[in-house]
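Structural overview for review
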Amino acid sequence: MDAEIQRRRTFEIIAKWIGKQNGITIEFHPNICPHADPKKRIIRLPSNIKEENLDKVIALVLHEAAHIAKSQFNTQKIVSNQEEMNVLNAVED
């Protein structure tokens, strides 16, 4: 098997395992920006990630999965604008 194909498949397996362990769905779509939807418990990732970025995206999956799994508060009750949301997110990180 081609090394890049094998590495991409391993990446997908690890990402989905992280999601499963945290009750989160991992979805792959072409040409999207990675993002998380905490309410729906979904992390969406591009299916066409550059091979040199696969390790970085695993770190992103771990980070976002922790947010979704461990952040149990309603941000709308805490923040009133995007700037406050950015500060809250930084403190939570």
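Residues numbered from 1 in each chain as written. Predicted model: local features only at pLDDT ≥ 70, side-chain atom pairs only at ≥ 80, totals over all residues. Heavy atoms only, no water.

Right, let's get into the overall build of the protein chain. In terms of helices and strands, the protein chain carries 3 helices and 3 strands. Projected onto the principal axes, the alpha-carbon positions of the protein chain cover approximately 50 × 25 × 20 Å. The contacts of the protein chain with a sequence gap of at least 6 include a subset with a gap of at least 24, amounting to 39%. Total accessible area on the protein chain stands at roughly 6,600 Å², and carbon and sulfur atoms take up 54% of it. One finds the centroid of the 13 positive side-chain charges in the protein chain at a distance of 7 Å from the centroid of its 13 negative side-chain charges. (Helix = DSSP H or I, 4+ residues; strand = E, 2+ residues; numbered from the N terminus. Contact = heavy atoms within 4.5 Å. Areas by Shrake-Rupley, 256 points an atom, 1.4 Å probe, with all protein chains shown as cover. Lys, Arg positive; Asp, Glu negative; His and termini not counted. Charge placed at Lys NZ, Arg CZ, Asp CG, Glu CD.)

What the 3 strands build is an open sheet, ordered 1-3-2; its pairing is mixed. Since the sheet does not close on itself, it has two edges, and those belong to strand 1 (25-29) and strand 2 (35-37), each with one partner. Across the sheet, the mean angle separating the axes of adjacent strands is 25 degrees when strand polarity is ignored. Relative to strand 3 (residues 42-46), strand 1 is paired through 5 bridges, and the arrangement is parallel. Within strand 3, the residue paired with F28 across the bridge is L45. Helix 1 (residues 3-21) contacts strand 1 and strand 3 of the sheet and is inclined by roughly 145 degrees relative to strand 1. Packing of helix 2 (residues 54-70) onto the sheet brings it into contact with strand 1, strand 2 and strand 3, and relative to strand 3 it is tilted by some 165 degrees. (Pairing = 2+ DSSP bridges. Axes fitted to C-alpha atoms, helices over the stretch in contact; angles between N-to-C directions.)

Okay, the nonpolar core next. By size, the foremost hydrophobic cluster in this structure holds 14 residues, and its most contacted members are F11, I24, I26, I43, L45, V57 and V61. Looking at this core, the element that brings in the most residues is helix 2, giving 6 residues. Setting aside its immediate chain neighbours within four residues, L45 contacts F11, I26, E27, F28, H29, I32, P34, V57, L60 and V61. (Core = buried A, V, L, I, M, F, W, Y, C linked by side-chain atoms within 4.5 Å. Buried < 20%, exposed > 50% of the residue type's maximum accessible area, 1.4 Å probe, protein only.)

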